[in-house]
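# Fold and contact review
The lines below spell out each chain.
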Amino acid sequence: RSYWVLMTRDVLPGSRSEEYAHQKELVAGYARRKSMPYELPSVLEAATAILMHHVREGDRRFGDRPWTYTRCQEVVDGRYPTIVGGFGSSGLVVSYSGGYGYCSCGAACCRKF
């Protein structure tokens, strides 16, 4: 079924270099403060939002200056959260955070309509 997604233009302040569980709490707190049903994006939602922004505006959000990735809802092998970002001239990274450490991974949030 089709739906629209509104995603933040960057990771939430204070979400970089944090554990996945804490990042999910930050997103939940943001949703409570805004009184809106925000959540972590899925991999497909994050990749689509980032790429469509690039098509429309020409700039790269969640880019490589500085390296920025959003954690997503999906988890690999029950312990590695998926990530999307690092969008540079070589493309967009879709992976899991097992090999990327915590320093570049934050939490964006999205709302579905």
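The structure under discussion appears in the preceding block.
These lines cover the structure that appears in this document, whether it is placed above or below. (Residues numbered from 1 in each chain as written. Predicted model: local features only at pLDDT ≥ 70, side-chain atom pairs only at ≥ 80, totals over all residues. Heavy atoms only, no water.)

### What to know about the sheet that holds strand 5 (residues 105–106)
What counts, and what does not: Pairing between two strands requires that DSSP report at least two bridges joining them. Helix numbers and strand numbers start at the N terminus; a helix is a DSSP run of H or I with at least 4 residues, a strand a run of E with at least 2. Two residues qualify as a contact provided that any one of their heavy atoms is within 4.5 Å of a heavy atom in the partner residue. Interaxial angles span 0 to 180 degrees and are taken between N-to-C directions of axes, which are lines fitted to C-alpha atoms, for helices over the stretch in contact.
The four strands are arranged 4-3-2-5 in an open sheet whose pairing can be described as mixed. Each edge of the sheet is formed by a strand with only one pairing partner; in this case those strands are strand 4 (91–96) and strand 5. With two bridges joining them, strand 2 (residues 69–76) and strand 5 adopt parallel strand pairing. Among the inter-strand pairings, Tyr 69 is bridged to a residue of strand 5, identified as Cys 105. Strands in contact with helix 1 (residues 20–34) are strand 2, strand 3 (80–88) and strand 5; relative to strand 2, the strand with the most contacts, it is inclined by about 115°. Strand contacts of helix 2 (residues 43–57): strand 2, strand 3 and strand 4, with the helix running at about 10° to strand 3, the strand carrying the most contacts.

### Examining the pairing of strand 3
Our working rule: Under the scheme applied here, a residue whose accessible area is under 20% of the maximum for its type counts as buried, over 50% as exposed, and between as partly exposed, the area being computed with a 1.4 Å probe on protein chains only.
Counting buried positions along strand 3 yields eight of nine residues, so the element is predominantly enclosed. Note: strand 2 against strand 3, five bridges, orientation antiparallel. By the bridge assignment for strand 3, Val 75 is matched with Pro 81. Connecting strand 2 to the next strand, strand 3, in antiparallel fashion are three residues, including Asp 77 with a positive phi near 55°. Relative to strand 4, strand 3 runs antiparallel, the two being bridged by five bridges.

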